[in-house]
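Descriptive structure summary
Each chain, letter by letter, is given below.
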Amino acid sequence: MKIEMAKNSGFCMGVRNAILKIVDELNSCDENIYVYGPLIHNPQTVEVLKKRGLITINSLKEIKNKQIAIRTHGIPVDENRVIRNEASRTINLTCSRVARVQSYIKKYSSNGYFTIIIGDRDHAEVIGLKSYATAGVHVVSEPDDINTLPRSEKYLIVSQTTHERNQFELIVNLIREKHSNVEVIDTICDSTRLRQDDVREGIARGIDTLVVVGGKNSANTTRLAKIGTDNGIKTFHIETDEELIAEEFKNSRYVLVTAGASTPGWIINNVLEKLYIINNANSNPVIKVIKKYFEFFVRSNIISSIASFLMVLIAQKYAGIEPGYKYGIIAALFIYVMYTVNNYLDREFLIKSNSYKYKIYEKSGLYMLIAAIISFFISIYISYSISATMMYLFLVPYLLGVFYSTPYFKLVIKALGSELIKKIYNTKIVTGFGWLVVLILLPYYDRGVDLITFISMGSVFFTFVFLRQFIIDLVAFQGDLILGRDTLATSFGAKYAVYIAYAISLTGVIAFSVVTILSGKFTYLLFLLCIIYYLVLLKKIGKTDYLISLRYEFLIDANYILMALLMPFL
């Protein structure tokens, strides 16, 4: 089964800007913000933002002395006036495309034009647009509505921004046949047109199944689904991946996935992943079993734990000291314990951000947690077998790792009042240093390793760990943004975060390369292939809007396989 993502899907410009603005407001404000009517037509996003402090209200009686946001669809003029007079503060999130239609109607109405709005008469956007038509207005939802059009000397025709283009053109032609002096302004948003074109082009290419992701109350999403059904294509209009049933895709060969203008990226990613899993269910039984267990090893961080063991061996070999396997074992156990505990405690966040990873912890989380507790005591015992000092040193990253993730530490960061410190905390850079403690500091401690070697190995390992975490965060960027997860990408914006990642990578690579070349350890430059691998993957992800997260998690951790293959040459 071929699965294809439509080129134009998910947040349109207006919704994206509104989400970015309201999330920024929620991040910087300790009070609730109220929005008059649903911010966008996506129940899941509205519900998430509600938990973060964006409360939807439906009555103007509730706005007195409150911070009020104006929804993306816009609101009637008189309601806007009341809000601005009575609210303590107004946040205008009206889509710029909708605002432009409002201005057209206002301008032409002042010159005596009777306004015809082609769209759904009960849609929030249309209700708002009508209020700007001071010289008369008539809404045309169906061709028959033309029969009740009042007579006027001149008409202005505009459209609801999310209306179906073919119907708009049909109605315009019918009006022109009956009336003269008609001024037509095509106000259908490019985003809407392109989505509809994607579906029609997909049908022309031979798709047999269409999956439309978005709110059931969303006009633009409903129209996308209608194009599919009108053309005899098996069509599923869903809001979340849970509505997809494997049996219904048994005879599907070519699936096109598209999404409405208010559909967030994390929901689209989950839908793609569900289809990927459905497709895998019909694959070769051996391949199916391999993928199943590899998924478990990736998402339970067992592969990362094994990789940390290999990295300790590389670090010791690079420093010219005898490999101590105990150091590798305690590093592997540390990585497993910290990731397992943090993911287990963060299960509620995983429900939305990565529902399939959540299912692993829902099904096996308790057993994994018990294994983590046992691993903790084993690692302490092994570190003590090296020396009592090593055990005490090893307890430090454990204590810091646990404290770092608690609300108390976040309160300490907030109390410092430094925006820079807060952003550094959110970037997960500290996570990279946590890895360095068990990968380098402990294996090198009291073993005669010079400072230059510390710096060199620390630079390349930090770059490697940082890039891995950054790519994972970039895959989850949209979900993290809405759900309130602080990362480098959400703190600085995806574009600037990528530049920061490149700068950090370049610094690490230069430091490692210079020391390695000067010390004559040329074969170790092969390790840079692992950094290059992540940089290539980062560039690819930067060009992709929506991702099957499991596929990219496979690709991210496949770098560990490359590392293992390089070890004999180092």
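Look up: the structure comes first, before these words.
One structure accompanies this document, and this report is about it. Owing to the predicted nature of the structure, the values given are computational and were not obtained by experimental measurement.

What to know about the packing of aromatic side chains
On inspection of all chains with the given rule, the structure shows 21 aromatic pairs. Through pairs of rings, three or more aromatic residues link up here, namely Phe461, Phe464, Phe527, Tyr533, Tyr534 and Tyr560. The residue whose ring lies beneath Lys66 is Tyr34, and the NZ or CZ to ring-centre distance is 4.5 Å. Over the aromatic face of Tyr318 sits the side chain of Lys521, whose NZ or CZ is 4.4 Å from the ring centroid.

Here's the deal with helix 6 (residues 165–178)
Across its 14 residues, helix 6 extends 21 Å between first and last C-alpha, which sits within 8% of the 20 Å expected from 1.5 Å per residue. Residues of helix 6 that are buried: Arg165, Gln167, Phe168, Ile171, Val172 and Ile175. Relative to the axis of helix 6, the buried residues are bounded by an arc of 160° and lie together on one face. Residues of helix 6 that are buried make contact with strand 6 (114–118), strand 7 (137–140), strand 8 (155–159), strand 9 (182–184) and helix 7 (190–205). The residue sitting at the N-terminus of helix 6 and contributing the capping side-chain oxygen is Glu164; that oxygen lies 3.3 Å from the backbone nitrogen of Asn166.

Description of the pattern of salt bridges
Under the defined criterion, the tally for this structure stands at 13 salt bridges. Between Asp186 and Arg165 there is a salt bridge, with its nearest N and O atoms 2.7 Å apart. On the criterion of sequence distance, the pair formed by Asp186 in the loop between strand 9 and helix 7 and Arg165 in helix 6 is long-range, its members being 21 residues apart. Residue class for Asp186 comes out partly exposed when judged on its relative accessible area of 38%. Overall, Arg165 belongs to the buried group, its relative accessible area being 13%. As a salt-bridge pair, Arg468 and Asp557 come within 3.2 Å of each other at their nearest N and O atoms. Placement of the pair is Arg468 in helix 19 (residues 451–475) and Asp557 in helix 24 (residues 549–566), with a sequence separation of 89 residues.

So, the sheet that holds strand 4 (residues 67–70)
In spatial order, the strands read 3-2-4-5; together these four strands make up an open sheet with parallel pairing. With one partner strand each, in any of the chains shown, strand 3 (54–57) and strand 5 (89–92) form the two edges of the open sheet. Shown here is a sheet whose adjacent strand axes are inclined to one another by a mean of 30°, direction ignored. Bridge analysis of strand 2 (residues 33–36) against strand 4 gives three bridges, and the strand direction is parallel. Within strand 4, the residue paired with Val35 across the bridge is Ala69. Its contacts with the sheet place helix 1 (residues 13–28) against strand 2, strand 3, strand 4 and strand 5, and it is angled at close to 145° to strand 5.

Criteria and thresholds
Residues numbered from 1 in each chain as written. Predicted model: local features only at pLDDT ≥ 70, side-chain atom pairs only at ≥ 80, totals over all residues. Heavy atoms only, no water. Phe/Tyr/Trp six-rings, centres within 6.5 Å; stacked < 30°, edge-to-face > 60°. Lys NZ or Arg CZ within 6 Å of the ring centre and 35° of its normal. Helix = DSSP H or I, 4+ residues; strand = E, 2+ residues; numbered from the N terminus. Expected span 1.5 Å × (residues − 1). Buried < 20%, exposed > 50% of the residue type's maximum accessible area, 1.4 Å probe, protein only. Arc of directions from axis to C-beta. Contact = heavy atoms within 4.5 Å. Polar contact = N/O pair within 3.5 Å; in protein donor to acceptor, adjacent residues only side chain to side chain. Salt bridge = Lys/Arg side-chain N within 4 Å of Asp/Glu carboxyl O. Pairing = 2+ DSSP bridges. Axes fitted to C-alpha atoms, helices over the stretch in contact; angles between N-to-C directions.

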